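Here is how the chains run, residue by residue.
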Amino acid sequence: MTVRTRFAPSPTGMLHIGGVRTALFSWLYARRHQGTFILRIEDTDRERSTDQAIQVILDGMKWLGLDADEGPFYQTQRYPRYREVIGQLLESGHAYHCYCSRADLDEMRAAQMARKEKPRYDGRCRHRTAPVEGVTPVVRFRNPDQGQVVVDDIVHGPIVFRSEELDDLIILRSDGNPTYNFCVSVDDWDMGITHVIRGDDHINNTPRQINMLRAMGATPPVYAHLPMILGPDGTKLSKRHGAVSVLEYKDAGFLPAALLNYLGRLGWSHGDQELFSLEELVQLFDLDAVNKSASALNPDKLAWTNQQHMMRLGGSALAPLLGEQLASRGVQVEGIDLAAVAEALKERTRTLAEMAEGSLFFFHDPTGYEPKAAAKNLTAETAPLLVAARAVLAGLPTPWSGAGIDAALKALAAELGAGLGKVAQPLRVAVCGSGVSPPIDATLAILGAETVLRRVDRAIAHARGS
RNA sequence: GCUCCCAUCGUCUAGAGGCCCAGGACACAGCCCUCUCAAGGCUGGUACGAGGGUUCGAAUCCCUCUGGGAGCGCCA
């Protein structure tokens, strides 16, 4: 039997990192077993579903490379099929019309709560034979009232529910729209899903779905319920946490492989290994190594993971991504080798956004000098140093090479009986405006002779004037 | 309230009875390297929720409690 998994988000809110983790595990499991991964949009809630949310799901999955083999399917396009199955269920006696008003139901629930019972439909319309005048009924699924349902969950092991705990849920609203648990069951069946991999907030829905599946004559799939992902403070994910659109992680400069690596390590592990390429994830992932307990997001570790992935990429692979970040900041990058910039910065910044911020001085002359750095490095005392360095640099053949710069500066330092830092730091401030940059040789080489000499001249003037 | 799920460092986790007075990673502190910042290396502190069992032996098995979470809708 070939594995078929699905990711079935409802477009009522933005696809966030928790949803992505669920999608990732389904996708990985399918890929790992040469199976099929299906994308299904559960949009039966017409009130709250939005096109924008659908677009984020599609764009997000595409950005991350979680490609679907089938779909996207939309539940709103499958209504004829749902009605057909409801007809069959009605026919076979597994479903019935219910005429209870919302007021009746509210009253019933209130009474049950008052008696400290679990609120549930009491089945009062189960044996009704005649319709109620002027009332459009809903359709309810007739749940078995004997025995038990065992959910044989891959990550949790067997979970037992007594049938009495389950009531007769509504499967067709009076407005003609079918409901969630029913649609899921029909879809999983029709789409031949073999493994339902989803958040463990669905554990309680599972026995109902199994019962419906059986009533329809289908064999229930295997279930694997994943632990929840919580915000950094250990509470439920919210907008202020990480429940923001996954595309915001793209804008923030995270690499898809890094985000997936980080998310893959939430609730799953492979010994002590922290860093995985996507290929390794596909190769090593398995459901039996999935945890049961919820895990909190750790932004620092995500950033660290991203940096590690950036460091494993070459500057040329990073260059276009850095280019996008710079473009969104309106930075002109002409005349500068972006690959060299990325290479120089990749082990100094944790995200592409940080890389873009840290690279700004490459693209325009400093508009001012960081006061503390200038006070130490652009002074009357260091001015002669800068003059000497300028002279040495001006004598170098163009285009400059990092090795040539390094040798020249070291020679100068030796001549002055000082360490390289003595010359490098004033130069650094002169050229970057601050005391932090990649190694001086690489920095100057990327900037090029013309720019460097111009900036050094300005800095000398500043140093003398201060 | 009822049902279900969960429980190892601050966080992510390793651990499937002796290899664990608990290992790795992020973060933190110190040191080394060093032209700054990083990266890298080394060192350090902090955890088996509690109580009962079972066993020669328990983080690992069982029970109770406690704590956290989810579900109980004509939401998904």
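All of these numbers come straight from a predicted model, not from anything done at the bench.

Student: Can you help me understand the overall build of chain A in this one?
Tutor: Along the backbone of chain A there are 19 helices and 12 strands. For chain A, the C-alpha radius of gyration of 31 Å lies well beyond 23 Å, the compact-globule estimate for 466 residues. Judged by the C-alpha coordinates and their principal axes, chain A covers about 105 × 45 × 40 Å. Residue burial in chain A is summarised as follows: out of 466 residues, 51% are buried.

Student: Looking at this structure, I do not really get the pattern of salt bridges. What am I missing?
Tutor: Oppositely charged side chains may form a pair once their charged atoms are brought near each other. What the rule picks out here adds up to 32 salt bridges. Residue Glu-117 pairs with Arg-115 through a salt bridge whose shortest N-O separation is 3.0 Å. Each of the salt bridges in this network shares a partner with another, and the network as a whole consists of Arg-6, Arg-40, Glu-42, Arg-78, Arg-81, Glu-84, Asp-187, Asp-188 and Asp-190.

Student: Sorry, what's going on with the layout of surface pockets here?
Tutor: One water molecule sets the probe size; rolling that probe over the atoms shows where empty space is left. Empty space within the largest pocket amounts to approximately 1200 Å³. Considering the residues around the largest pocket, the lining is formed by 39 residues, among which Ser-10, His-16, Gly-19, Asp-201 and His-202 are closest to the centre. For the lining of the largest pocket, the elements supplying multiple residues, two or more each, are β1 (4-7), α1 (17-32), α5 (180-190), β9 (195-199) and β11 (229-230). When residues of the lining of the largest pocket are assigned to their parent elements, the largest contribution, 5 residues, is made by α1.

Student: Sorry if this is basic, but what is going on with helix α12 (residues 338-345) here?
Tutor: Quick reminder: α-helices carry 3.6 residues per turn. Residues three or four places apart thus point the same way. Listed in full, the buried residues belonging to α12 are Leu-338, Val-341, Ala-342, Ala-344 and Leu-345. When α12 is viewed along its axis, its buried side chains cluster within an angular range of 165° and face the same direction. Close packing links the buried residues of α12 with α11 (315-328), α13 (352-359) and α18 (440-447). Among the residues of α12, the N-terminal cap falls to Asp-337, whose side-chain oxygen and the backbone nitrogen of Ala-339 are separated by 3.1 Å.

Student: What am I meant to see in the confidence of the model for chain A here?
Tutor: Atomic detail in the predicted coordinates should be set aside for any region of low pLDDT. Across chain A, the average pLDDT comes to 93, with 98% of residues at or above 70. Confidence metrics for the complex model read pTM 0.93 and ipTM 0.94.

Student: Could you clarify how one ought to interpret the protein's contact with RNA strand B in this entry?
Tutor: Taken together, 64 residues form the shell around RNA strand B, and within it Lys-116, Arg-173, Gly-267, Glu-347 and Ser-437 come nearest. Of what RNA strand B places within 4 Å of the protein, 67% of the atoms are sugar or phosphate. Measuring from a sugar or linking oxygen of RNA strand B, one finds a side-chain N or O atom of Asp-45 at 2.6 Å. Within the side chain of Arg-348, one N or O atom sits 2.5 Å away from a base nitrogen of RNA strand B. Elements with a contribution of two residues or more to the surface near RNA strand B: α4 (102-114), β7 (157-162), α5, β12 (295-296), α10 (299-312), α17 (420-432) and α18. Classifying every residue of the surface near RNA strand B by side-chain character gives 21 nonpolar, 21 polar and 22 charged.

Student: Would you explain the packing of helix α3 (residues 79-92) against α5 in this entry?
Tutor: Where α3 contacts α5, the axes come no closer than 11 Å and their chain directions differ by 100°. Compared by their axis directions, α3 and α5 come out roughly perpendicular. Of α5, the residues touching α3 (which contributes Arg-81, Tyr-82, Val-85, Ile-86 and Leu-89) are Phe-182, Cys-183, Val-186, Asp-187, Trp-189 and Asp-190.

Student: Would you explain the packing of helix α15 (residues 383-394) against α17 in this entry?
Tutor: To describe two helices that pack against each other, one gives the angle between their axes and the distance between the axes. In the contact formed by α15 and α17, the axes pass within 10 Å of each other and the chain directions differ by 85°. When the axis of α15 is compared with that of α17, the two are roughly perpendicular. Taken together, the residues of α17 that come into contact with α15 (itself represented by Leu-385, Leu-386, Ala-389 and Leu-393) are Lys-422, Val-423, Pro-426, Leu-427 and Ala-430. Considering only residue class, the contact of α15 with α17 consists of 8 nonpolar, no polar and 1 charged.

Student: Is there a simple way to think about the packing of aromatic side chains in this case?
Tutor: Aromatic rings in a pair are described by how distant their centres are and how their planes are angled relative to each other. For the coordinates displayed, the defined rule picks out 7 aromatic pairs. Measuring from ring centre to ring centre gives 4.8 Å for Phe-25 and Phe-285, while their planes differ by 55°; the resulting arrangement is tilted. Residue Phe-25 is located in helix α1, and its partner Phe-285 is located in the loop between α9 (278-284) and β12; the two are separated by 260 residues in the primary sequence. The class of Phe-285 is buried, set by a relative accessible area of 0%. Geometrically, the ring pair formed by Tyr-249 and Phe-254 is tilted, given 5.8 Å between the ring centres and 55° between the ring planes. Accessibility assignment for this pair places Tyr-249 and Phe-254 in one class, buried. Here the basic side chain of Arg-21 rests over the ring of Phe-25, its NZ or CZ set 4.8 Å away from the ring centre. Just above the ring of Tyr-121 sits the side chain of Arg-140; from NZ or CZ to the centre is 3.5 Å.

Student: Would you mind showing me how to read the sheet that holds strand β4 (residues 95-98) here?
Tutor: Strand pairing in a sheet relies on backbone hydrogen bonds, with the paired strands running either antiparallel or parallel. A sheet is described by the order of its strands in space; here 3 strands give the open sequence β4-β5-β8, paired in antiparallel fashion. Whereas interior strands pair on both sides, the edge strands pair on one side only; in this sheet they are β4 and β8 (170-172). Neighbour-to-neighbour, the strand axes of this sheet turn through a mean angle of 45°, independent of strand direction. Looking at chain direction, strand β5 (residues 138-141) and β8 are connected through 2 bridges and run antiparallel. By the bridge assignment for β8, Arg-140 is matched with Ile-170. Packing against the sheet, α3 makes contact with β4, β5 and β8, and its axis sits at approximately 95° to β4.

Student: Help me understand helix α8 (residues 256-264) in this model?
Tutor: Counting buried residues along α8, 7 of its 9 residues qualify, which places the element largely inside the surrounding structure. Among all positions in α8, only Ala-258, Leu-259, Leu-260, Asn-261, Tyr-262, Leu-263 and Gly-264 are buried. Structurally, α8 contributes buried residues whose contacts are with α1, α2 (51-64), α7 (247-251), α9, β12 and α10.

Student: It is not clear to me how unusual backbone geometry should be interpreted in this structure. Could you clarify?
Tutor: Excluding glycine, residues mostly carry a negative phi; peptide bonds, for their part, are mostly trans. Residue Pro-72 is reached from Gly-71 by a cis peptide bond, and omega for that bond is 10°. Among the secondary structure elements, Pro-72 is positioned in strand β3 (residues 70-74). The phi angle at Gln-34 is positive, at roughly 50°, despite the residue not being glycine. On the secondary structure map, Gln-34 appears in the loop between α1 and β2 (36-41). In this model, Lys-116 sits at a positive phi of 60°, which is unusual for a non-glycine residue. The exposure class of Lys-116 is exposed, given its relative accessible area of 78%.

The rules we used
- Residues numbered from 1 in each chain as written.
- Chains lettered and ligands numbered in written order.
- Predicted model: local features only at pLDDT ≥ 70, side-chain atom pairs only at ≥ 80, totals over all residues.
- Heavy atoms only, no water.
- Helix = DSSP H or I, 4+ residues; strand = E, 2+ residues; numbered from the N terminus.
- Rg over C-alpha atoms; globule rule 2.2 N^0.38 Å.
- Buried < 20%, exposed > 50% of the residue type's maximum accessible area, 1.4 Å probe, protein only.
- Salt bridge = Lys/Arg side-chain N within 4 Å of Asp/Glu carboxyl O.
- 1 Å grid on protein atoms, 1.4 Å probe; cavity = no way out; pocket = protein on both sides within 12 Å on 5 of 7 lines; lining within 4 Å.
- Points joined across faces, edges and corners; volume = space filled by probe spheres on them.
- Arc of directions from axis to C-beta.
- Contact = heavy atoms within 4.5 Å.
- Polar contact = N/O pair within 3.5 Å; in protein donor to acceptor, adjacent residues only side chain to side chain.
- pLDDT = per-residue confidence, 0-100.
- Near = heavy atom within 4 Å.
- Nonpolar A, V, L, I, M, F, W, Y, C, P; charged D, E, K, R; others polar.
- Axes fitted to C-alpha atoms, helices over the stretch in contact; angles between N-to-C directions.
- Parallel < 35°, antiparallel > 145°, perpendicular 65-115°, else oblique.
- Phe/Tyr/Trp six-rings, centres within 6.5 Å; stacked < 30°, edge-to-face > 60°.
- Lys NZ or Arg CZ within 6 Å of the ring centre and 35° of its normal.
- Pairing = 2+ DSSP bridges.

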